[in-house]
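Listed here are the chains, written in short residue letters.
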Amino acid sequence: MFYIGVDLGTSAVKLLLMNEYGEIKKIVSKEYPLYFPHPGWSEQQPEDWFTRTMEGIRELVTESDRTQVAGISFGGQMHGLVVLDRDDRVIRPAILWNDGRTGAETEYLNQTIGKEKLSEYTANIAFAGFTAPKLLWMRKHEPDNFAKISKIMLPKDYLAYRLSGSFCTDVSDASGMLLFDVKNRCWSEEMLEICGIKSDMLPEIHESYEVTGKVKPEIAAGLGLADTVKVVAGAGDNAAAAVGTGTVGDGRCNISLGTSGTVFISSRKFGVDAGNALHSFAHADGSYHLMGCMLSAASCNKWWNEDILKIGDFAAEQAGITGLGENPVFFLPYLMGERSPHNDPDARAMFIGMSMDTTREDMTQAVLEGVAFALRDSLEVARGLGIDIRRTKICGGGAKSPLWKRIIASVLDLNVDVVAVEEGPAMGAAMLAAVGCGEYASVEEAAEKIVRVVDTIEPEPGLVEKYEKKYQKFRMLYPVVKGIF
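Structure report, in brief.

As for the overall build of the protein chain
- Per the secondary structure count, the protein chain includes 16 helices and 24 strands.
- In summary, the protein chain has a C-alpha radius of gyration of 21 Å against a globular reference of 23 Å for 485 residues, a match within 12%.
- By its C-alpha atoms, the protein chain is 65 × 50 × 45 Å across when sized along the principal axes.
- Counting every position in the protein chain, which comprises 485 residues, the buried fraction comes to 62%.
- Taking all contacts inside the protein chain whose residues are at least 6 apart in sequence as the whole, residues at least 24 apart take part in 71%.
- Here the protein chain displays about 18600 Å² of accessible surface, and carbon together with sulfur accounts for 49% of that area.
- Placing the 50 positive and 66 negative side-chain charges of the protein chain at their respective mean positions leaves the two points 1 Å apart.

Here's the deal with the pairing of strand S17 (residues 261–267)
- Along S17, seven of the seven residues are buried, which leaves the element largely enclosed by surrounding structure.
- Residues of S17 alternate between two faces, with Gly261, Val263, Ile265 and Ser267 on one and Thr262, Phe264 and Ser266 on the opposite face, all of them buried.
- Judged from the five bridges that link them, strand S16 (residues 253–257) and S17 form a sheet pairing that is antiparallel. Counted as the bridge partner of isoleucine 255 is valine 263 from S17.

Examining the packing of aromatic side chains
- Evaluated as defined, the whole model comprises 17 aromatic pairs.
- With a centroid separation of 6.1 Å and 65° between ring planes, the pair formed by tyrosine 161 and phenylalanine 167 is classed as edge-to-face. In terms of burial, tyrosine 161 and phenylalanine 167 fall into one category: buried.
- On the basis of an interplanar angle of 35° and a centroid distance of 6.5 Å, the ring pair of phenylalanine 330 and phenylalanine 373 is categorised as tilted. Taken together, the residues phenylalanine 330 in strand S20 (residues 330–332) and phenylalanine 373 in helix H12 (residues 360–384) connect sequence positions 43 residues apart.
- What makes phenylalanine 373 buried here is its relative accessible area of 1%.
- Above the ring of phenylalanine 50, the side-chain terminus of arginine 162 is found at 3.7 Å from the ring centroid.

A closer look at H12
- Between its terminal C-alpha atoms H12 stretches 36 Å, which fits the 36 Å expected from 25 residues at 1.5 Å a residue.
- Of all 25 residues that make up H12, 19 are buried, and the element is covered over most of its length.

Brief notes about the nonpolar core
- Within the largest apolar cluster, 69 residues are counted, with the highest numbers of intra-cluster contacts made by Met18, Ile149, Ile152, Leu179, Met191, Ile197 and Met431.
- Take this core: its biggest share by element is eight residues, from helix H14 (residues 424–436).
- Ignoring anything within four residues of it in the chain, the contact list for methionine 18 reads Met1, Phe2, Tyr3, Glu23, Ile24, Met427, Ala430, Met431, Ala434 and Ile450.
- Membership of the second largest hydrophobic core comes to 55 residues, among which are Leu278, Leu290, Phe330 and Leu379.

Some remarks on the side chain of threonine 245
- Within the fold, threonine 245 resides in the loop between helix H9 (237–244) and S16.
- Among the polar contacts listed, one links the side chain of threonine 245 to the backbone oxygen of alanine 242, at a separation of 3.2 Å.

Structural notes on helix H13 (residues 402–412)
- Across the eleven residues that make up H13, a large majority, nine, are buried.
- For H13, the set of buried residues is Leu403, Trp404, Lys405, Ile407, Ile408, Ala409, Ser410, Val411 and Leu412.
- Positioned one or two residues after H13, aspartate 413 has a phi angle of 55°, which is positive.

With respect to the side chain of lysine 156
- Within the fold, lysine 156 resides in helix H5 (residues 155–164).
- Judged by its relative accessible area of 1%, lysine 156 falls in the buried class.
- Setting aside chain neighbours within four positions, we find lysine 156 in contact with Leu8, Phe74, Gly75, Gly76, Thr169, Asp170, Asp173, Ala233, Gly234, Ala235 and Gly236.

Some points on the environment of glycine 370
- Within the secondary structure, glycine 370 sits in helix H12.
- A relative accessible area of 2% means that glycine 370 is categorised as buried.
- Separated by 41 residues in the primary sequence, glycine 370 and valine 329 have C-alpha atoms spaced 9.6 Å apart.
- Dropping the residues within four chain positions of it, glycine 370 is found in contact with Phe331, Pro333 and Phe474.

Description of the packing of H9 against H14
- It is the contact of H9 with H14, at a shortest axis distance of 6 Å, that shows an interaxial angle of 75°. Between H9 and H14, the interaxial angle falls into the category roughly perpendicular. Contact residues: Asp237, Ala240, Ala241, Val243 and Gly244 in H9; Gly424, Pro425, Met427, Gly428, Ala429 and Met431 in H14.
- Of the residues assigned to the contact of H9 with H14, the class counts are seven nonpolar, three polar and one charged.

Side note on the sheet that holds strand S18 (residues 279–282)
- In spatial order, the strands read S18-S19-S17-S16-S22-S23-S24; together these seven strands make up an open sheet with mixed pairing. Strand pairing shows two members of the sheet lacking a second neighbour, S18 and strand S24 (453–457), which therefore form its edges. Neighbour to neighbour, the strand axes of the sheet diverge by 30° on average, direction disregarded.
- Contacts between H12 and the sheet are confined to S16, S17 and strand S19 (288–294), with S17 contributing the most and set at about 25° to the helix.

So, the pattern of salt bridges
- Considering all chains together, one arrives at 29 salt bridges under this definition.
- Aspartate 87 is the partner of arginine 89 in a salt bridge, and the nearest nitrogen-oxygen pair spans 3.3 Å.
- By relative accessible area, which is 52% here, arginine 89 ends up exposed.
- Here the salt bridges do not stand alone but share partners, grouping Glu43, Arg92, Asp99, Arg101 and Glu142 into one network.

Section: the packing of H12 against H13
- Direction vectors running N to C along H12 and H13 enclose 35°, while the axes themselves pass 9 Å from each other. The handedness of the crossing between H12 and H13 is right-handed. Counted together, Leu368, Glu369, Val371, Ala372, Phe373, Leu375, Arg376, Leu379 and Arg383 of H12 and Leu403, Trp404, Ile407, Ile408, Val411 and Leu412 of H13 form the full contact between these two elements.
- Partitioned by chemical class, the residues of the contact of H12 with H13 number twelve nonpolar, no polar and three charged.

Procedures and definitions
- Residues numbered from 1 in each chain as written.
- Predicted model: local features only at pLDDT ≥ 70, side-chain atom pairs only at ≥ 80, totals over all residues.
- Heavy atoms only, no water.
- Helix = DSSP H or I, 4+ residues; strand = E, 2+ residues; numbered from the N terminus.
- Rg over C-alpha atoms; globule rule 2.2 N^0.38 Å.
- Buried < 20%, exposed > 50% of the residue type's maximum accessible area, 1.4 Å probe, protein only.
- Contact = heavy atoms within 4.5 Å.
- Areas by Shrake-Rupley, 256 points an atom, 1.4 Å probe, with all protein chains shown as cover.
- Lys, Arg positive; Asp, Glu negative; His and termini not counted.
- Charge placed at Lys NZ, Arg CZ, Asp CG, Glu CD.
- Pairing = 2+ DSSP bridges.
- Phe/Tyr/Trp six-rings, centres within 6.5 Å; stacked < 30°, edge-to-face > 60°.
- Lys NZ or Arg CZ within 6 Å of the ring centre and 35° of its normal.
- Expected span 1.5 Å × (residues − 1).
- Core = buried A, V, L, I, M, F, W, Y, C linked by side-chain atoms within 4.5 Å.
- Polar contact = N/O pair within 3.5 Å; in protein donor to acceptor, adjacent residues only side chain to side chain.
- Axes fitted to C-alpha atoms, helices over the stretch in contact; angles between N-to-C directions.
- Parallel < 35°, antiparallel > 145°, perpendicular 65-115°, else oblique.
- Nonpolar A, V, L, I, M, F, W, Y, C, P; charged D, E, K, R; others polar.
- Salt bridge = Lys/Arg side-chain N within 4 Å of Asp/Glu carboxyl O.
- Left-handed = near helix turned anticlockwise from the far one by under 90°.

Laid out in structure tokens, this is it:
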């Protein structure tokens, strides 16, 4: 049998076809536009997601026996606000996870409602990218549109709704809305009241591996699929990526070096750190996870290479870098503000420590190191909770760089395990589809049988010592420059 995993990303949708043994048969990617109507805003058209996904599925299954496709599931960009009216028409463009317009609303939630109350209701505090502040912004600035809302959904769930007609979401993606009681895996009545919405506007909650419906007959016919194809709930992109790297069960770690960056720690027990610096979310395996999220990770390297240096060969740019741990230049990687642990949408990136002998290689190295230092900020919060992490999986576009993996291993002092198949949320989504269709008894079983470690980058003792000194300097920088943002 075949299973389709759909990763609805920020710049493109990636689709993966996997057989029952976890072998990838084909991968297709389709890009779509990203709009910035005002400085700090970030939007997309949900119809673009659907159109490109349909094109991608047709291309994905062209060379395979389409009758063998049993299920489809999703990993998707989290937190985005998609609103439909009573006729299922999209009311306005989706407001994305990296949109920074909700500063006032986030401040209201954290200061007026209060962080303690928010944590009590949802296990989290408000961040500018979360869905609840977006609803408050819409209620204030677009009251006519707000009054039209009949359905509120997340990006990947819009695809599932168009495919199946089922108005559903999963626990991991719902956790990032600030509308969800993570501990009890249900909607928070208190948060619904605060945001001025009704429970019937929100989707039905499912575990990530549960079947939520089937592909509509007319959609299936248009794709050349059987009308028996099951639609499985799926997960937020980071939880789906964690499934794809086998980061399930208790005490496992995954680092994602995608557009954003995350430190993801799976846990069988629910937990919250005292300052809510880390997100406390439900996991796609039926348990929980802690996650530190930085808004700009591999995107920092992309910006530096493509927009500033005007080059496209990232590997060649890194080839001349030597002297790890000795670079006097620091880079704060806050190109779009920062989430964990600073929760500051106004934070901005900067280079510090340059002199007349600073080289291009120093600057490039500083970008890679700055992202690694910021990831360690989140790991330190987890270590402060007594969580003993010794090794991590790694995924995302940035993980293709051997140099960056070497830096991360020594900055975080972790063994970094590389898996044989690193296809992020798309792979995790396909695995969830297989679990939902009964191919595997559980997400943990699927991970155990499919995910294989092929390489480990170990921290280098001498480099760990050098980076420890540099990290202690790095962590002093943000508090000093915060006031000028």
